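For reference, the chains in residue letters:
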Amino acid sequence: MDGLKLVPMAPRHLDRLAELERLCFAQPWTRDGLAAELSSDTAVFLTAESGGEIVGYAGMHCVCGECYVDNIAVFPAFRRRGVGRALTRGLIGRARGRNAEFLSLEVRPSNTAAVALYQSLGLRPAGRRKNFYRNPTEDALILTLRF
């Protein structure tokens, strides 16, 4: 996507990202929950912007050399245009920058587009979490990239 840039999440992003959370997830993070991450030393949250518009975001936490992705979300109008790939690469780069041993995430197996994206970036199946998701109930596929 032309003109796409990744910037650290900031207070000015919170309202729009809370809206994105409600749009994308059955159990969305609240604006206050997102705001709390702004002061966390373990949090890495990136906002994707294009033409001054927020088009997506991604966040993870890194502790003791282990990075765990919390969410990657893209507004529907901007999907399948490289935003999710750019955000995932951004998290991978920041995990490497923190000298992490690995980056791991959970994804619905039914989200075949996301699974294919993550696997194309080197993440590999590492297990399942039984009944991890709600609305609808579904296991989570754990995908991990070791550095």
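Please refer to the structure placed before this passage.
I will try to describe carefully the structure that is included in this document.

Procedures and definitions
Residues numbered from 1 in each chain as written. Predicted model: local features only at pLDDT ≥ 70, side-chain atom pairs only at ≥ 80, totals over all residues. Heavy atoms only, no water. Helix = DSSP H or I, 4+ residues; strand = E, 2+ residues; numbered from the N terminus. Rg over C-alpha atoms; globule rule 2.2 N^0.38 Å. Buried < 20%, exposed > 50% of the residue type's maximum accessible area, 1.4 Å probe, protein only. Contact = heavy atoms within 4.5 Å. Areas by Shrake-Rupley, 256 points an atom, 1.4 Å probe, with all protein chains shown as cover. Lys, Arg positive; Asp, Glu negative; His and termini not counted. Charge placed at Lys NZ, Arg CZ, Asp CG, Glu CD. Disulfide = S-S within 2.5 Å. Salt bridge = Lys/Arg side-chain N within 4 Å of Asp/Glu carboxyl O. 1 Å grid on protein atoms, 1.4 Å probe; cavity = no way out; pocket = protein on both sides within 12 Å on 5 of 7 lines; lining within 4 Å. Points joined across faces, edges and corners; volume = space filled by probe spheres on them. Nonpolar A, V, L, I, M, F, W, Y, C, P; charged D, E, K, R; others polar.

## So, the overall build of the protein chain
Okay, so step 1: Looking only at helices and strands, the protein chain has four helices and seven strands in total.
Okay, so step 2: Against the 2.2 N^0.38 benchmark of 15 Å for 147 residues, the protein chain shows a C-alpha radius of gyration of 14 Å, consistent with a compact globule.
Okay, so step 3: Principal-axis analysis of the C-alpha atoms places the extent of the protein chain at approximately 40 × 35 × 30 Å.
Okay, so step 4: Among the 147 residues that make up the protein chain, the fraction classed as buried is 45%.
Okay, so step 5: Nonlocal contacts in the protein chain, meaning residues at least 24 apart in sequence, comprise 58% of its contacts between residues at least 6 apart.
Okay, so step 6: Approximately 7700 Å² of the protein chain is accessible, and the part contributed by carbon and sulfur atoms is 48%.
Okay, so step 7: Across the protein chain, the centroid of the 20 positively charged side chains sits 6 Å from that of the 15 negatively charged ones.

## Observations concerning the state of the cysteines
Okay, so step 1: As enumerated under the stated definition, the model contains one disulfide in all.
Okay, so step 2: With no disulfide of its own, Cys64 has Cys67 as its nearest cysteine by sulfur position, at a separation of 11 Å.
Okay, so step 3: Residue classification places Cys64 among the exposed residues on the basis of a relative accessible area of 72%.

## Observations regarding the pattern of salt bridges
Side chains carrying opposite charge are able to pair once their charged atoms draw close together.
Okay, so step 1: If you walk through the whole model with that rule in mind, you get eight salt bridges.
Okay, so step 2: Arg129 is the salt-bridge partner of Glu106, the closest N and O atoms lying 2.7 Å from each other. Highlighted residues: Glu106 in strand S5 (residues 102-107) and Arg129 in strand S6 (residues 124-133), separated in sequence by 23 residues.
Okay, so step 3: With relative accessibility at 25%, the residue Glu106 sits in the partly exposed group.
Okay, so step 4: Judged by relative accessible area, which is 34%, Arg129 ranks as partly exposed.
Okay, so step 5: Sharing partners across several salt bridges, the network here consists of Lys5, Arg12 and Glu49.

## Some remarks on unusual backbone geometry
Okay, so step 1: With an omega of 0°, the peptide bond between Asn135 and Pro136 qualifies as cis.
Okay, so step 2: Assignment of secondary structure puts Pro136 in the loop between S6 and strand S7 (138-146).
Okay, so step 3: The residue Asn99 is not glycine, and still its phi comes out positive at about 55°.
Okay, so step 4: Locating Asn99 in the fold gives a position in the loop between helix H3 (83-97) and S5.
Okay, so step 5: Here the phi dihedral of Asn131 falls at roughly 50°; this positive angle occurs in a residue that is not glycine.
Okay, so step 6: Within the fold, Asn131 resides in strand S6.

## A look at the layout of surface pockets
Okay, so step 1: One number sums up the size of the largest pocket: a volume of about 1100 Å³.
Okay, so step 2: Taken together, 34 residues form the lining of the largest pocket, with Phe25, Ile72, Asn111, Ala114 and Tyr118 sitting closest to its centre.
Okay, so step 3: Elements supplying a minimum of two residues to the lining of the largest pocket: helix H1 (14-24), strand S4 (66-74), H3, S5, helix H4 (112-120) and S6.
Okay, so step 4: With six residues, the top contributor of residues to the lining of the largest pocket is S4.
Okay, so step 5: A breakdown of the residues in the lining of the largest pocket according to their chemical character gives 19 nonpolar, six polar and nine charged.

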